[in-house]
Amino acid sequence: MTFDPAHPYYPNFTPGKDPTYRVADLTNPILQPWAREQMRMRNERILAGGTGFSRQSSCWPIGTPGFLLYPVQPIYILQSEKEVLMISQEDHQVRHIYMNVPHSKNVKLSWHGESVGHYEGDTLVVDTVGLNDQVY
């Protein structure tokens, strides 16, 4: 995703520019309708003078897959026969991927959802369901 060209993003310390919050480009064709709607609501809040703080600056979990995309700290991966753990050093978030099992019948919504996986050759294939509505 990138910012809306009509509302350029300027981070802190951009010479000659006041910092701005990111306003998403809603014309991006890869956006699913639900994601476009979430981003539209965030854009409206920012353009009305509200804040656009990121999840991590608000001390909220980034969730899945977001924590994989935040490159500041390493992610440690621990593998066993029954589970793969992905542990973020930044704020100790842990994603559990349960191996070779079906999803639970009643999945509880959470920041990382419920992930089940299996290997196809040397590729780990993961299916995640049950993400809460706070995750982008």
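Since the model is a prediction, treat every value here as computed from it, not as a measurement.

Some words on the overall build of the protein
Line of reasoning, step 1. Within the protein, the secondary structure is distributed over one helix and five strands.
Line of reasoning, step 2. In the protein, the succession of α and β elements from N to C terminus is α-β-β-β-β-β.
Line of reasoning, step 3. Oriented by its inertia axes, the alpha-carbon framework of the protein measures out at about 55 × 30 × 30 Å.
Line of reasoning, step 4. Counting every position in the protein, which comprises 136 residues, the buried fraction comes to 24%.
Line of reasoning, step 5. In the structure as shown, the protein presents an accessible area of about 9500 Å², 58% of it carried by carbon and sulfur atoms.
Line of reasoning, step 6. Each charge sign in the protein was given a centre, from 11 positive and 14 negative side chains, and these centres are 5 Å apart.

A short note on the pattern of salt bridges
Line of reasoning, step 1. Counted according to the given criterion, the structure contains two salt bridges.
Line of reasoning, step 2. Taking the shortest distance from any N to any O, the salt bridge between Arg-40 and Glu-37 comes out at 2.4 Å. In this pair, Arg-40 and Glu-37 both sit in helix H1 (residues 33–47), three residues apart, roughly one turn of the helix.
Line of reasoning, step 3. Arg-40 gets classed as partly exposed once you look at its relative accessible area, which sits at 28%.
Line of reasoning, step 4. As a salt-bridge pair, Arg-40 and Glu-44 come within 2.4 Å of each other at their nearest N and O atoms. Of this pair, Arg-40 and Glu-44 both sit in helix H1, separated by four residues, roughly a single helical turn.
Line of reasoning, step 5. Here the salt bridges share partners, and the residues they tie into one network are Glu-37, Arg-40 and Glu-44.

Overview of the nonpolar core
Line of reasoning, step 1. One finds Ile-62, Phe-67, Val-84, Met-86, Ile-97 and Met-99 forming the largest nonpolar core, which totals six residues.
Line of reasoning, step 2. Residue assignment for this core shows that the elements contributing at least two residues are strand E2 (83–88) and strand E3 (94–99).

Details of the packing of aromatic side chains
Line of reasoning, step 1. Inspection of the entire model under this criterion finds zero aromatic pairs.
Line of reasoning, step 2. Against the face of Tyr-9 rests Arg-22, its NZ or CZ located 4.0 Å from the ring centre.

Description of unusual backbone geometry
Line of reasoning, step 1. In this model, Phe-13 sits at a positive phi of 70 degrees, which is unusual for a non-glycine residue.
Line of reasoning, step 2. Within the element layout of this structure, Phe-13 appears in the segment before H1.
Line of reasoning, step 3. A relative accessible area of 80% means that Phe-13 is categorised as exposed.
Line of reasoning, step 4. Here the phi dihedral of Asn-100 falls at roughly 55 degrees; this positive angle occurs in a residue that is not glycine.
Line of reasoning, step 5. Along the chain, the position of Asn-100 falls in the loop between E3 and strand E4 (114–120).

A closer look at H1
Line of reasoning, step 1. In a regular helix each residue adds 1.5 Å, so 15 residues correspond to 21 Å; H1 covers 21 Å between its end C-alpha atoms and thus fits that length.
Line of reasoning, step 2. Those residues of H1 that fall on the buried side of the exposure criterion are Ala-35, Arg-42, Asn-43 and Ile-46. The buried residues of H1 occupy an angular sector of 105 degrees when the element is viewed end-on, so they sit on one face. What points out from H1, more than 90 degrees from its buried face, is the exposed set Pro-33 and Trp-34.

Reading the values: the criteria
Residues numbered from 1 in each chain as written. Predicted model: local features only at pLDDT ≥ 70, side-chain atom pairs only at ≥ 80, totals over all residues. Heavy atoms only, no water. Helix = DSSP H or I, 4+ residues; strand = E, 2+ residues; numbered from the N terminus. Buried < 20%, exposed > 50% of the residue type's maximum accessible area, 1.4 Å probe, protein only. Areas by Shrake-Rupley, 256 points an atom, 1.4 Å probe, with all protein chains shown as cover. Lys, Arg positive; Asp, Glu negative; His and termini not counted. Charge placed at Lys NZ, Arg CZ, Asp CG, Glu CD. Salt bridge = Lys/Arg side-chain N within 4 Å of Asp/Glu carboxyl O. Core = buried A, V, L, I, M, F, W, Y, C linked by side-chain atoms within 4.5 Å. Phe/Tyr/Trp six-rings, centres within 6.5 Å; stacked < 30°, edge-to-face > 60°. Lys NZ or Arg CZ within 6 Å of the ring centre and 35° of its normal. Expected span 1.5 Å × (residues − 1). Arc of directions from axis to C-beta.

Purely geometric stuff here, so don't read any function into it on its own.
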